[in-house]
Amino acid sequence: MNNTKDAIQMKISNVALFLIIFWTFGIYAQIDFVNQATALGVNMTAGDLEYGSGISFCDFNNDGWDDISIATSFGNQSEFFLNNQDGTFTRQNFSLPNDNVQGRQIIWADYDNDGDKDLFIISNLNGNHLYNNNGSLVFTDVTAASGLPTANIESWGASFGDINNDGFLDVFISNRDENLVQPNLLFLNNQDGTFSDISVSAGIHLTSHLSFCSAFFDYNNDGWQDIYVANDKDFNENFLYHNNGNNTFTNVAPSAGVNIAIDAMTTTIGDYNNDGWFDIYVTNTPIGGNAFFKNNGDNTFTNVTEITGTDFHSFAWGAVFLDADNDMDQDMYVSSSMDGSIPALLSAQFYTNNGDETFSTPNAGFNNDTRISHSNAIGDVDNDGYPEIIVSNSNNESVFLWKNQSAQNNNWLKINLEGVVSNKDGIGSRIEISINGEKQYRYTLCGEGYISQNTNSELFGLGTNSEVDYVKVTWLSGTIDYLENVTANQILNIVEGSYPLSVTEEVFQNDFNVYPNPANEVIKFHSKLPVSVIEIFNQIGSRVYASEPNKSEGEVNMGNLSSGVYILKIQYGNTLISKKIIKN
């Protein structure tokens, strides 16, 4: 009897083990990336520049199809590939003046809000160049006229954001001066096609820290864009510049727990655990490995690298979050400057999100991913809702275009934004979707990762769900657009203010409301919790009103303020929010 019982139990155990292996293999086998650079028309090399050249997956002609731009080594023109609207590409010649530079980053941004993408090429050898797009992909070098530096300042990367929520993109330039002289620079957009250097008054460090790149994002969800900076070498700590809401910043990296001192290369931002607080991934050398910082939602971060299993331990450079199989959580891909000849040092790695704040390393394709790689970016070449990865390689080897050929068993939603009061590109917007109470979040960036730029579209995996309960977009202006019962497998274009929340909906969504807006003399506020602080700032960042009402309902008299646009900052409970208000 016991032998029979043992045999039955053994059979049950074997079946259970088989099902676990089969189920696990079945899940992971669905993810499959294949290099199709040649087949899709992007067979080119960026040269052999030490530490690599930048790459962009941005739709530069606004036709709804992601294009590819690649910075190159000195003496070569930057490379541009136009999507033929079928997932294949045709090389373009834009005849850019002064474009034979040693390019580090290549980034598209509509800095003048005229509806077309302008181009910024960063060089650490030949000076940076800003090109204005006339709307027909004809470009003029406006670097000098814009007020940006024309001399070489050994720049490595740039990112765009809107530090004062005025609807125009500002720019942070990361400089890597090996003589340790040239600091980073922050330029404020003057709303007339020019920029002003506000680095000193804004509180940006005044000495060199060998910075590779930066990213604008809102780490504490207060409605103001903060800046995280990756600094090279173990004698330089990374910076987290907290936006004070008045055109000044305070480095809070030590108190936030992100002041790591390593060979920091990337500033990769995403929400890997779908809690609405954006996390940071920083790449490094094998000494110490990479660093993954989980946002705790209380102005601090926790290093979860070991817990998540993402330390990598190789010479890591670019990294990007993406939902490769559209299963409703963000996976990650990391590039390396190792070629696989040393088994202990990874040449690249794909990490799949297990949904429990850990990652695994399944076989996900990526055959022969053994070139010396640096920057990478994501896009969707054929608008099928499944993201691809473009990788720039050194050693005169061709780029990788990793086509996503995963089994398309899951649904998706792609969202494009167009600002009206906010900047035209919708940079700095927070997108929230919900399906049966399960939420996902994205944050729109312009210049992120290691000298890279991802698609301007935000991709959401929906699993097997055919409908999204709601999509909520919070713009930097404070405007909220809210859509319900959104069908899956579509590209959703949202123009700011097209789907406004009603007063009742906004109170429900934010637990706070201020009205009327625009206002004549008085605005009223209503909150579920007592409001402890109310401040109003003008467009140059000066505080023009302050009070401590300590009540959940009340009024603010704006009668003594001139007509115009103001920023209202409110603190209630542990929440600090910002809203743009208009005084008639």
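If you're wondering where the values come from, they're calculated on a predicted model, not measured in any experiment. (Residues numbered from 1 in each chain as written. Predicted model: local features only at pLDDT ≥ 70, side-chain atom pairs only at ≥ 80, totals over all residues. Heavy atoms only, no water.)

Participant: So what's going on with the overall build of the protein? Residues and values would help.
Facilitator: Helix and strand counts for the protein stand at six helices and 42 strands. The C-alpha atoms of the protein give a radius of gyration of 24 Å, which matches the 25 Å a tight globule of 584 residues would have. In terms of principal-axis extent, the alpha carbons of the protein reach across some 85 × 70 × 45 Å. Taking all 584 residues of the protein together, 58% fall into the buried category. Contacts in the protein between residues far apart in sequence, at least 24 positions, make up 55% of those at least 6 positions apart. Carbon and sulfur atoms form 49% of the exposed surface of the protein, whose accessible area is close to 21,800 Å². Computing the positive centroid from 24 side-chain charges and the negative centroid from 71, the protein places the two 6 Å apart. (Helix = DSSP H or I, 4+ residues; strand = E, 2+ residues; numbered from the N terminus. Rg over C-alpha atoms; globule rule 2.2 N^0.38 Å. Buried < 20%, exposed > 50% of the residue type's maximum accessible area, 1.4 Å probe, protein only. Contact = heavy atoms within 4.5 Å. Areas by Shrake-Rupley, 256 points an atom, 1.4 Å probe, with all protein chains shown as cover. Lys, Arg positive; Asp, Glu negative; His and termini not counted. Charge placed at Lys NZ, Arg CZ, Asp CG, Glu CD.)

Participant: Before we move on, could you go through a nonpolar patch on the surface and cite the residues and values that matter?
Facilitator: A contiguous nonpolar patch, built from Val 420, Val 421 and Val 495 and spanning about 220 Å² of accessible area, is present on the exposed surface. Position of Val 495 among the secondary structure elements: in strand E36 (residues 490-495). (Patch = residues over 30% accessible without salt bridge, like charges linked within 9 Å, V, L, I, M, F, W, Y side chains within 5 Å. Salt bridge = Lys/Arg side-chain N within 4 Å of Asp/Glu carboxyl O.)

Participant: Any details on the sheet that holds strand E29 (residues 411-418)? Residues and values, ideally.
Facilitator: Strand pairing in a sheet relies on backbone hydrogen bonds, with the paired strands running either antiparallel or parallel. Here three strands make up an open sheet; going across it, the order is E33-E29-E36 and the pairing mixed. Where the open sheet ends on each side, the last strands, each with one partner, are strand E33 (458-463) and E36. Ignoring which end each strand starts from, the neighbouring axes of this sheet average 25 degrees apart. (Pairing = 2+ DSSP bridges. Axes fitted to C-alpha atoms, helices over the stretch in contact; angles between N-to-C directions.)

Participant: Outline the side chain of Arg 442, supporting the account with residue identities and numerical values.
Facilitator: On the secondary structure map, Arg 442 appears in strand E31 (residues 438-443). Glu 458 is the oppositely charged side chain nearest to the buried, salt-bridge-free Arg 442, at an N-O distance of 4.5 Å. Only 3.0 Å separates the side chain of Arg 442 from the backbone oxygen of Leu 459, close enough to count as a polar contact. (Polar contact = N/O pair within 3.5 Å; in protein donor to acceptor, adjacent residues only side chain to side chain.)

Participant: Which residues make up the UniProt feature "domain: ASPIC/UnbV" (unreviewed entry) in the protein, and what values go with them?
Facilitator: Following the UniProt record, one finds the feature "domain: ASPIC/UnbV" (unreviewed entry) at residues 426-492. Structurally, residues 426-492 is divided into 0% helix and 58% strand, and its ends, taken at the C-alpha atoms, are 14 Å apart. (UniProt positions renumbered as here; feature names shortened; annotations may be inferred.)

Participant: If you had to explain the domain arrangement of the protein to someone new, which residues and values would you point to?
Facilitator: As assigned here, the protein comprises domain 1 (33-404) and domain 2 (512-583). Averaged C-alpha coordinates put domain 1 and domain 2 at centres separated by 36 Å. The junction of domain 1 with domain 2 conceals about 780 Å² of combined surface from both sides, 44% of it contributed by carbon and sulfur atoms. Our count for the contact surface shared by domain 1 and domain 2 stands at zero salt bridges. Class assignment for the residues of the side of domain 1 that touches domain 2 results in one nonpolar, nine polar and two charged. (Domains from an automatic or database assignment. Buried area = accessible area lost by both parts, 1.4 Å probe. Nonpolar A, V, L, I, M, F, W, Y, C, P; charged D, E, K, R; others polar.)

Participant: So what about the environment of Glu 467? Which residues, and what values?
Facilitator: Structurally, Glu 467 can be placed in strand E34 (residues 467-474). Between the C-alpha atom of Glu 467 and that of Thr 487, which follows or precedes it by 20 residues, the distance is 4.6 Å. Once residues lying within four places of it in the same chain are set aside, the contact partners of Glu 467 are Ile 435, Asn 485, Val 486 and Ala 488.

Participant: Which residues make up the sheet that holds strand E8 (residues 129-133), and what values go with them?
Facilitator: The four strands lie next to each other as E6-E7-E8-E9, forming an open sheet whose pairing is antiparallel. If you trace the sheet from one side to the other, it starts and ends with strand E6 (103-109) and strand E9 (139-141), each paired once. Between one strand axis and the next, the sheet turns by 20 degrees as a mean value, whatever way the strands run. With six bridges connecting them, E6 and strand E7 (residues 118-123) associate as antiparallel partners. Paired with Ile 106 across the bridge in E7 is Ile 121.

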